[in-house]
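So the chains spell out like this:
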Amino acid sequence: MNLVPWKGKKREAASDLLDLAAPAARMRNEMERLFERFLNGTGLDWPIESFAFGPEVPALDITETDDQVVVRTELPGVDPKELEVSVTGDMLSISGEKKSQMEKKGENFYHSERRFGMFRRSVRLPSHVDRDRVTADYTNGVLTITLKKHESAKAKKVPVRTSE
Amino acid sequence: MNATETIEKTTARPMKAEPTHSGQVYMPAVDIFERADELTIVADMPGTTGNDINIQFENGLLTVHGRATPRRGVDERCVLCEYGLGDFHRTFEIGELIDSGRITAEYADGVLTLHLPKVPAARPRKIEVRAS
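Thresholds, definitions, all that
- Residues numbered from 1 in each chain as written.
- Chains lettered and ligands numbered in written order.
- Predicted model: local features only at pLDDT ≥ 70, side-chain atom pairs only at ≥ 80, totals over all residues.
- Helix = DSSP H or I, 4+ residues; strand = E, 2+ residues; numbered from the N terminus.
- Buried ≥ 20, exposed ≤ 12 C-beta atoms within 10 Å, placed from the backbone.
- Contact = placed C-beta atoms within 7 Å.
- pLDDT = per-residue confidence, 0-100.
- Pairing = 2+ DSSP bridges.
- Axes fitted to C-alpha atoms, helices over the stretch in contact; angles between N-to-C directions.

**A look at the overall build of chain B**
Argument step 1. Per the secondary structure count, chain B includes zero helices and 10 strands.
Argument step 2. Across chain B, helices and strands are ordered from the amino to the carboxyl terminus as β-β-β-β-β-β-β-β-β-β.
Argument step 3. Every one of the 132 residues in chain B was classed for burial, and the buried ones make up 32%.

Spelled out as structure tokens, the structure:
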């Protein structure tokens with residue numbers, strides 16, 4: 001029988017089970033992420049206010065049609081009851097907390113990439129919206145906020161008259 | 001994990017491999033942790049559905065692929081687009097210490113949880129100390 005220190009044997013077993021990436025590739029990925037964080041934090045046309053240090057969080061996808069503005073963001077693993085979405089004037093605020101479900105004893109974190117914690121983001125919408133006609137939906141980790149534009153904000157076509 | 005730590009920008013990063021279909025493919029961020037009787041992989045894969053996730057195990061390789069649900073309507077114009085939409089894909093090497101026939105998975109709120117039970121031989125065994 002082989003007498004091997006128990007802790008050492010367990011570590012080896014874990015790395016036998018999974019092999020995610022060679023150390024060099026992991027280092028490169030880490031550097032890439034670092035640069036991405038640094039470079040993508042600035043240079044946006046829309047006035048963005050962020051309460052977090054570093055890049056804006058969570059990442060937003062804002063689109064508009066003629067009569068509504070749609071804001072989407074990916075928030076996997078967040079309890080929808082903890083999400084707060086509010087509209088003030090033409091500012092939209094989203095805040096909440098992503099909780100780590102796994103804090104129980106008897107578990108070893110072998111690899112950790114996901115981040116947890118509180119987040120808050122405010123953004124100025126491209127158009128005045130009707131605050132009474134805003135809906136928010138959280139499905140499969142994607143939060144979709146639909147804001148109907150205010151009547152005055154909808155584009156009104158102006159006919160061009162020519163004088164001959 | 002510090003509870004007040006702010007979340008980083010989307011941690012999914014584009015894959016380097018060439019995609020065989022159009023569109024960006026992303027590697028989902030995963031947490032892996034170990035219990036006495038199983039290994040658990042938790043992956044952030046928002047915007048797909050249980051039916052669009054394909055998990056395959058072959059030759060010791062566990063491949064997870066999630067097809068993204070297209071979201072935007074045709075008449076939507078981009079105002080501020082900070083993240084891309086694409087499928088999720090990630091591969092893991094599984095050793096013989098995992099009982100591959102009993103791997104299970106569940107998907108809720110954009111999070112995929114994979115349970116990889118260990119074979120009985122791999123579970124830690126408590127050894128009793130007899131005092132004389």
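Having seen the structure, we can now continue with the description.
**Notes on the overall build of chain A**
Argument step 1. Counting its regular elements, chain A contains two helices and nine strands.
Argument step 2. Counting from the amino terminus, helix and strand elements in chain A follow one another as α-α-β-β-β-β-β-β-β-β-β.
Argument step 3. Residue burial in chain A is summarised as follows: out of 164 residues, 24% are buried.
Argument step 4. Taking the contacts inside chain A whose residues are at least 6 apart along the sequence as the reference set, 56% of them involve residues at least 24 apart.

**Things to note about unusual backbone geometry**
Of all residues except glycine, most have a negative phi; of all peptide bonds, most are trans.
Argument step 1. With phi around 55 degrees, Asn140(A) is a residue other than glycine that occupies positive phi space.
Argument step 2. Within the secondary structure layout, Asn140(A) lies in the loop between strand E8 (129–139) and strand E9 (142–149).
Argument step 3. A tally of 19 C-beta atoms within 10 Å means that Asn140(A) is categorised as partly exposed.
Argument step 4. With a phi close to 55 degrees, Asn59(B) is a non-glycine residue in the positive phi region.
Argument step 5. One can find Asn59(B) in the loop between strand E5 (53–58) and strand E6 (61–66).
Argument step 6. Judged by the 6 C-beta atoms lying within 10 Å of it, Asn59(B) is exposed.

**Focus: the confidence of the model for chain B**
Argument step 1. This prediction gives chain B a mean pLDDT of 79; 83% of its residues lie at or above 70.
Argument step 2. Between residues 1–11 of chain B, whose pLDDT stays under 50, and residues either more than four places distant or in other chains, the model counts 37 contacts.

**A few points about the sheet that holds strand E2 (residues 60–64) of chain A**
Argument step 1. On the basis of which strands lie adjacent, the open sheet formed by five strands has the order E8(A)-E9(A)-E3(A)-E2(A)-E7(B) and antiparallel pairing. The open sheet has two edge strands, E8 of chain A together with strand E7 (77–81) of chain B, and neither has a second partner. When the angles between neighbouring strand axes are averaged without regard to direction, this sheet yields 20 degrees.
Argument step 2. Where E2(A) meets strand E3 (residues 68–74) of chain A, five bridges bridge the pair, whose relative direction is antiparallel. When the sheet's bridge partners are listed, Ile62(A) is paired in E3(A) with Val71(A).

**A short note on the sheet that holds strand E9 (residues 104–108) of chain B**
Picture the strands of a sheet paired through backbone hydrogen bonds; they go either parallel or antiparallel.
Argument step 1. Taken in spatial order, the five strands make up an open sheet running E6(A)-E3(B)-E4(B)-E10(B)-E9(B), and their pairing is antiparallel. Because the sheet does not close on itself, it has two edges, and the strands there are strand E6 (108–112) of chain A together with E9 of chain B. Going across the sheet, the axis of each strand differs from the next one's by a mean of 15 degrees, ignoring polarity.
Argument step 2. Where E9(B) and strand E10 (residues 111–117) of chain B come together, five bridges link them in antiparallel fashion. When the bridges of E10(B) are listed, Ala108(B) appears paired with Val111(B).

**Brief notes about the confidence of the model for chain A**
Argument step 1. Chain-level statistics for chain A give a pLDDT mean of 74 and a share of 68% at 70 or above.
Argument step 2. Low confidence marks residues 4–18 of chain A, where pLDDT is under 50. Its contacts with residues over four positions away, or in another chain, come to 17 contacts.

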